[in-house]
Amino acid sequence: MASLSGLYSSSPSLKPTKNLSFKALPAQSRDSFSFPHSSRPINLPLNLSAARSVARDISHTDAKKELLKDPDALWKRYLDWLYQQKDLGLYIDVSRVGFTDEFVADMEHRFKAAFKAMEDLEKGSIANPDEGRMVGHYWLRNSKLAPKPTLKTLIDKTLDSICAFSDDIISGKIKPPSAPAGRFTQILSVGIGGSALGPQFVAEALAPDNPPLKIRFIDNTDPAGIDHQIAQLGPELASTLVIVISKSGGTPETRNGLLEVQKAFREAGLNFAKQGVAITQENSLLDNTARMEGWLARFPMYDWVGGRTSIMSAVGLLPAALQGINVREMLDGAALMDEATRTTSIKNNPAALLAMCWYWASGGVGSKDMVILPYKDSLLLFSRYLQQLVMESLGKEFDLDGNTVNQGLTVYGNKGSTDQHAYIQQLREGVHNFFATFIEVLRDRPPGHDWELEPGVTCGDYLFGMLQGTRSALYANGRESISVTIEEVTPRSVGALIALYERAVGLYAAIVNINAYHQPGVEAGKKAAAEVLALQKRVLSVLNEATCKDPVEPLTLDAIADRCHAPEQIEMIYKIIAHMSANDRVLIAEGNCGSPRSVKVYLGECNVDDLYA
Ligand SMILES: O=P(O)(O)OC[C@H]1O[C@](O)(CO)[C@@H](O)[C@@H]1O
């Protein structure tokens, strides 16, 4: 299983033939809302080296105490640093982060190079040197930026074809072959990592209550999870559009999800190909499979777009469009934010502001975690989305010069005020190893739906109060926070939020001198998983041989490891046998499972074909 070739063929690779037991192993009005800018900085006596100190705690600084004692000074700091992007109705408040003027001056210097690197990236430089790739997600929302006319055409044509296809699906012009309703009603999205998190976030944030097609996801190789999704579809499988998403086209979890779904289609007497859509790079295994099997449609992923920044490619746009989400608005929001984040002054660049605060709060070495707290249910998955964007981009062992740096920035969070009843206790009073980002949404409900549940107070006022209260309570105890405010959750604001964080990650990576666009660490786990499955095949083959003897020769774990030429893998062999046993596979184990050395194993029956395979 070390090689991924043949992944998309549907022949089962392991052929257990009989069950056995080796049981029980322990198992407002937008126009009227604007903030003024003041230009009076507050001098906080903290410096860059203090920022780099892991143990730094602003509650112990005189400056912090001064600010707390002096609401006017804090208000001035607020006004001085408040960022607003009027067209997007987006605001960023960094006043509750304790950076100093000296720190900002030092950062201005560092950001010069970062802005230049970003400019070069947008012009098509090989910004991902380890993989020799350009990094072009910014072109997706402004194709004029693409460094070659052919790329521009490709981006534009793909967007047009996504919109046309989804219109045809929604209108029923393209019908499922055997659905009584005559229209596709469901989407089953199969993909993992960047090929799932973006579509999941967008669906949760933006899908209308009654979308033209409802979406569900298979984003793992958990058989029970897959069964659950298929079972939930029930007879609607016949009107389900299955979108298989994989940039590489060779990710095992996605391959497995596809094979499981194809099996369900066969069992239901349905023709999968007529309901299958692939989003992948040209000529990938998935692409070739889809082409050869004659799937309903194929959409391209590009070499120059990374999985975790693929939300504005077909990966995010097709599922969104099919749910009735205005994808062009989402792209416009992102494009506007891209423009805003090209400014080369930190104070006027929202992404640079974020990156600077991350650097300050985490000492530029990830010494504090970033807790993302959107106070809006529909933004629940934002922190999960950002987890991959930030951690897969910034979590790197080496810098661009080959020095060991073990960089990163840990991201977690769910939503407020829900989390106030879970872990905010520790954030306020416990170990001081984080900084918070509040995401505030001004509009509580669509106009005309609000009511006062007590005189002068709405449900949304409570949510607002909880956010502001938590922000104040954290600050009063020396815990720093950033607040990002949007007016409403719309395709534009969601596009803008995504673009904001994409740019912040890119800038931060540049100031700490790492490659944000590769993920070498993920490969080690994938390789090791492939090795485990290869070992399992060897174990089965060895056991089969012993089972085919007359009389059957039960084997100890040592004997199995020996015959697999893998004595150093005895623990893994034990785990493989235990796992197969727990799943009623063909093993017969004698002895005491609790004491592995006493166990002897053989198969339920000899498979002669496998002997000569
Ligand atoms: O889209 P693919 O190629 O299936 O990859 C899925 C995910 O796997 C990763 O490569 C990490 O395993 C992510 O970067 C990516 O988003």
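Just above, that's the structure.
Residues numbered from 1 in each chain as written. Predicted model: local features only at pLDDT ≥ 70, side-chain atom pairs only at ≥ 80, totals over all residues. Heavy atoms only, no water.

## Regarding the packing of helix 6 (residues 197-206) against helix 13 (residues 382-394)
What counts here: Here an axis means a line fitted to C-alpha atoms, over the contact stretch when the element is a helix, while the angle between two N-to-C directions is reported on a 0 to 180 degree scale. In this description a helix means any DSSP run of H or I spanning at least four residues, a strand means any run of E spanning at least two, and both kinds are numbered starting from the N terminus. Throughout this description, any angle smaller than 35 degrees is read as roughly parallel, any larger than 145 degrees as roughly antiparallel, any in the 65 to 115 degree range as roughly perpendicular, and the remainder as oblique. Should the near helix be turned anticlockwise from the far one by less than a right angle, the crossing is left-handed, and should it be turned clockwise, the crossing is right-handed. Pairs of residues are marked as contacts when any of their non-hydrogen atoms sit within 4.5 Å. Residue polarity is assigned by list, with Asp, Glu, Lys and Arg as charged and Ala, Val, Leu, Ile, Met, Phe, Trp, Tyr, Cys and Pro as nonpolar; anything else, Gly included, falls into the polar class.
Here helix 6 crosses helix 13 at 160°, and the two axes come no closer than 9 Å. Considering the angle they form, helix 6 stands roughly antiparallel to helix 13. By crossing handedness, the relation of helix 6 to helix 13 is classed as left-handed. Counted together, Leu 197, Gly 198, Gln 200 and Phe 201 of helix 6 and Phe 382, Arg 384, Tyr 385 and Gln 388 of helix 13 form the full contact between these two elements. Within the contact of helix 6 with helix 13, the residues separate by chemical class into 4 nonpolar, 3 polar and 1 charged.

## Concerning a nonpolar patch on the surface
Test applied: Patches were defined on residues exceeding 30% relative accessible area and lacking a salt bridge, with like-charge contacts within 9 Å and nonpolar side-chain contacts (Val, Leu, Ile, Met, Phe, Trp, Tyr) within 5 Å. To measure how exposed things are, a 1.4 Å probe is used in the Shrake-Rupley method; for residues, cover is taken only from the protein chains shown. The term salt bridge refers to a side-chain nitrogen of Lys or Arg lying within 4 Å of a carboxyl oxygen of Asp or Glu. The rule is simple: take the accessible area with a 1.4 Å probe, protein chains only, and divide by the maximum for that residue type; under 20% is buried, over 50% is exposed, in between is partly exposed.
Residues Trp 451, Leu 453, Tyr 462 and Met 466 make up a contiguous nonpolar surface patch of roughly 390 Å² in combined accessible area. Residue Leu 453 is classed as partly exposed on the basis of its relative accessible area, which comes to 35%.

## Thoughts on the state of the cysteines
Selection rule: Two cysteine sulfurs form what is called a disulfide whenever their separation falls within 2.5 Å.
As enumerated under the stated definition, the model contains 1 disulfide in all. Here Cys 548 is linked by a disulfide to Cys 606, with a sulfur-sulfur distance of 2.0 Å. Taking the sign of the S-S torsion, 95° for the link of Cys 548 and Cys 606, the bridge is right-handed. A residue pair is termed long-range when its members are at least 10 positions apart, and Cys 548 in the loop between helix 17 (520-547) and strand 14 (555-556) and Cys 606 in the loop between strand 16 (600-603) and helix 20 (608-611) qualify at 58 residues. What makes Cys 548 partly exposed here is its relative accessible area of 23%. Cys 606 sits in the partly exposed class, given a relative accessible area of 30%.

## With respect to the sheet that holds strand 16
Put simply, the rule reads: At least two bridges found by DSSP between two strands is the condition for calling them paired.
Pairing is antiparallel across the open sheet formed by 3 strands, whose spatial order is 14-16-15. With partners counted over all chains shown, the strands left at the sheet margins are strand 14 and strand 15 (587-590), one partner each. In this sheet, strand 16 lies alongside strand 14 in antiparallel orientation, the contact comprising 2 bridges. Looking at the pairing, Leu 555 lines up with Val 601 of strand 16.

## Overview of the packing of aromatic side chains
Rules: Stacked, tilted and edge-to-face are the three classes assigned to paired rings of Phe, Tyr and Trp, where Trp is represented by its six-membered ring and a pair needs centres within 6.5 Å; plane angles under 30 degrees give stacked, over 60 edge-to-face, the rest tilted. Two conditions define a charge sitting above a ring: the NZ of Lys or the CZ of Arg must be within 6 Å of the ring centre, and it must be within 35 degrees of the ring normal.
Using the criterion set out here, one finds 18 aromatic pairs in the structure. Relative to Trp 360, the ring of Phe 103 has its centre 4.8 Å away and its plane inclined at 75°; by these criteria the two rings are edge-to-face. Of this pair, Phe 103 sits in helix 4 (residues 101-122) while Trp 360 is found in helix 12 (residues 350-362), placing the two residues 257 residues apart along the sequence. Taken together, Phe 103, Phe 201, Trp 358, Tyr 359, Trp 360, Phe 382, Tyr 385, Tyr 501 and Tyr 508 form an aromatic cluster joined through their ring pairs. Of note, Arg 503 hangs over the ring of Tyr 138, and the distance from its end group to the ring centre comes to 4.0 Å.

## What to know about the environment of Asp 450
Heads up, the rule is: Any N or O atom pair separated by 3.5 Å or less is treated as a polar contact, with the protein-specific requirement of one donor-capable and one acceptor-capable atom, and with residues adjacent in sequence counted only for side-chain atom pairs.
Here Asp 450 lies in the loop between strand 10 (434-441) and strand 11 (452-454). According to the relative accessible area criterion, Asp 450 is partly exposed, its value standing at 38%. For Asp 450 and Gly 460, which are 10 residues apart along the polypeptide, the C-alpha to C-alpha distance reads 8.5 Å. Not counting chain neighbours up to four residues away, the residues in contact with Asp 450 comprise Asp 444, Arg 445 and Thr 458. A polar contact of 3.3 Å, which involves the side chain of Asp 450, links it to the side chain of Arg 445.

Everything listed here is a matter of coordinates, which is why it stays silent on function.
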